[in-house]
Amino acid sequence: MRIDVVSIFPAFLDVLDLSLIGRAREDGLIDLRVHDLRDWAHDRHRTVDDTPLGGGAGMVMRPDVWGEALDAVLADGAEVPGGPETPGGALGAGRAVLLIPTPAGEVFTQRTAEDLAGADRLIVACGRYEGIDSRVPRHYAARGIEVRELSIGDYVLNGGEAAAIVMIEAIARLLPGVLGNPASVVEESHSALGLLEHEALTRPVAWRGLDAPEVLLSGDHARIARARRDEAIARTAARRPDMIRALDPTTLDSQDRAA
Ligand code: SAM
């Protein structure tokens, strides 16, 4: 997957050099490129913002600077499906998504991550100040580009970079080969099973007066699976009753229903 991130703080994205995502980049599973929005500014102060039309607090990111930046990034990438954009406006074969982090967007969930993991190319536009001029997403959507304005939660950050890192990590770990054990993503919290994952324990079996449940030492895989599922359901009910209410009843077995 090719991922382009445009930001006025490109160094913010350096953390994506680390850990599993860093290794996926080294292995060529992810081609991540970070661009400085100010490279597309024209004045000597490299200005990317202006006062809000209609007045009010703060500054808004200029659509003309973003337009030049995104046109250039979209026009690049002939080697990847989903790019480049042809002069007629159509994208190459494949799926490219322009992702705009914003607290006013649709909420990013594990389902969104799964969907976006199927794209060939992501272009992430990181806002700052009061955000990016609202005509930018509208313009690219009208050009036939898939635009997703996404929020990582109901709170406000100073900029889109931290949100971009969250989304890129959640998406990239779903790509084949990125995680050592692909089974890890199947039964996790927020997977398609609709439950939080059961609690995780390791050695020592007894620690500071807290003993691990005996069943985990039994070697009886069916009993362990049952105990874990019961614990996952109880935990989800206690912590996220909204998830229990949203469960598809057909995914429950008879012992779940008895519980
Ligand atoms: N004035 C905007 C509003 O009230 O909707 C908030 C702008 S915020 C201070 C600046 C930038 O941070 C946004 O353009 C976006 O890129 C990013 N951001 C802030 N909170 C976010 C969230 N919950 N999810 C995704 N991006 C967020």
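The structure presented is a predicted model; accordingly, all values stated were derived computationally and were not measured.

Thresholds applied
- Residues numbered from 1 in each chain as written.
- Predicted model: local features only at pLDDT ≥ 70, side-chain atom pairs only at ≥ 80, totals over all residues.
- Helix = DSSP H or I, 4+ residues; strand = E, 2+ residues; numbered from the N terminus.
- Buried ≥ 20, exposed ≤ 12 C-beta atoms within 10 Å, placed from the backbone.
- Contact = placed C-beta atoms within 7 Å.
- Near = placed C-beta within 6 Å.
- Nonpolar A, V, L, I, M, F, W, Y, C, P; charged D, E, K, R; others polar.
- UniProt positions renumbered as here; feature names shortened; annotations may be inferred.
- Axes fitted to C-alpha atoms, helices over the stretch in contact; angles between N-to-C directions.
- Parallel < 35°, antiparallel > 145°, perpendicular 65-115°, else oblique.
- Left-handed = near helix turned anticlockwise from the far one by under 90°.
- Pairing = 2+ DSSP bridges.
- Right-handed = clockwise from strand over helix to strand, strands pointing away.
- Core = buried A, V, L, I, M, F, W, Y, C linked by C-beta atoms within 7 Å.

Caption draft 1: The arrangement of the overall build of the chain in detail. In terms of regular secondary structure, the chain is built from 8 helices and 9 strands. Principal axes of the C-alpha set define a box for the chain whose edges measure 70 × 45 × 40 Å. Burial statistics for the chain: of 259 residues in total, 28% are counted as buried. Sequence-distant contacts, at least 24 apart, represent 70% of the contacts inside the chain between residues at least 6 apart.

Caption draft 2: Broad picture of the site of the ligand. Taken together, 19 residues lie near the ligand, and Pro 101, Gly 127, Gly 131, Gly 160 and Ala 163 sit nearest. Per-element accounting of the shell around the ligand gives the leading share, 4 residues, to strand β5 (residues 96-107). Across the shell around the ligand, the residue classes break down as 9 nonpolar, 8 polar and 2 charged.

Caption draft 3: How the structure looks around the UniProt feature "binding site: S-adenosyl-L-methionine" (unreviewed entry) in the chain. Within this structure's numbering, the places UniProt gives as "binding site: S-adenosyl-L-methionine" (unreviewed entry) are Gly 127, Ile 152, Gly 153, Asp 154, Tyr 155, Val 156 and Leu 157. Within the secondary structure layout, Gly 153 lies in the loop between β7 (146-151) and α5 (160-172). Judged by the 11 C-beta atoms lying within 10 Å of it, Gly 153 falls in the exposed class. By the secondary structure assignment, Tyr 155 is in the loop between β7 and α5. Look at Tyr 155 and you get exposed, because 7 C-beta atoms sit within 10 Å.

Caption draft 4: Fine view of the packing of helix α2 (residues 63-75) against helix α4 (residues 135-142). Two elements in contact, α2 and α4, have axes separated by 10 Å at closest approach and are oriented at 40 degrees. On the basis of the axis angle, α2 is oblique to α4. In terms of crossing hand, the pair formed by α2 and α4 is right-handed. Taken together, the residues of α4 that come into contact with α2 (itself represented by Pro 63, Trp 66, Gly 67 and Leu 70) are Arg 135, Val 136, His 139 and Tyr 140. When its residues are assigned to classes, the contact of α2 with α4 shows 5 nonpolar, 2 polar and 1 charged.

Caption draft 5: Summary view of the sheet that holds β5. The strand order across the open sheet formed by 5 strands is β2-β1-β6-β5-β7, and the pairing between neighbours is parallel. Taken across any chain shown, the strands that pair with only one partner, and hence form the sheet edges, are β2 (31-36) and β7. Within the sheet, the average angular offset between the axes of one strand and its neighbour, ignoring direction, is 25 degrees. In this structure, strand β1 (residues 2-7) lies alongside strand β6 (residues 121-125), joined through 5 bridges in parallel fashion. Within β6, the position partnered with Val 5 by the bridge is Val 124.

Caption draft 6: Looking closely at the pairing of β1. Along β1, 6 of the 6 residues are buried, which leaves the element largely enclosed by surrounding structure. Taking every second residue as pointing to the same face, both faces of β1 are buried, with Arg 2, Asp 4 and Val 6 on one and Ile 3, Val 5 and Ser 7 on the other. As defined by bridge partners, β1 adjoins β2 across 6 bridges and the pair is classed as parallel. By the bridge assignment for β2, Val 6 is matched with His 35. Handedness of the β1-helix α1 (residues 19-26)-β2 crossover: right-handed.

Caption draft 7: Spotlight on the nonpolar core. Of all hydrophobic cores here, the largest spans 51 residues; its most connected members are Leu 99, Leu 122, Ile 123, Val 124, Ala 125 and Met 167. With residues near it in sequence (within four places) discarded, Leu 122 still touches Met 1, Ile 3, Val 97, Leu 99 and Leu 116.

Caption draft 8: Summary view of unusual backbone geometry. Omega for the bond connecting Arg 203 with Pro 204 falls within 30 degrees of zero, at 0 degrees, which places this linkage in the cis form. Position of Pro 204 relative to the elements: it lies in the loop between α5 and β8 (206-207). With phi around 60 degrees, Ser 19 is a residue other than glycine that occupies positive phi space. Among the structural elements, Ser 19 can be located in helix α1. Located in the positive-phi region is Tyr 129, a residue other than glycine, with phi close to 55 degrees. Of note, Tyr 129 is situated in the loop between β6 and α4. Note on Tyr 129: 17 C-beta atoms within 10 Å, which makes it partly exposed.

Caption draft 9: Region of the structure containing the environment of His 190. With respect to the element layout, His 190 can be found in the loop between α5 and β8. For His 190, a count of 17 C-beta atoms within 10 Å puts it in the partly exposed group. C-alpha of His 190 to C-alpha of Arg 111: the two residues are 79 residues apart in sequence and 8.3 Å apart in space.

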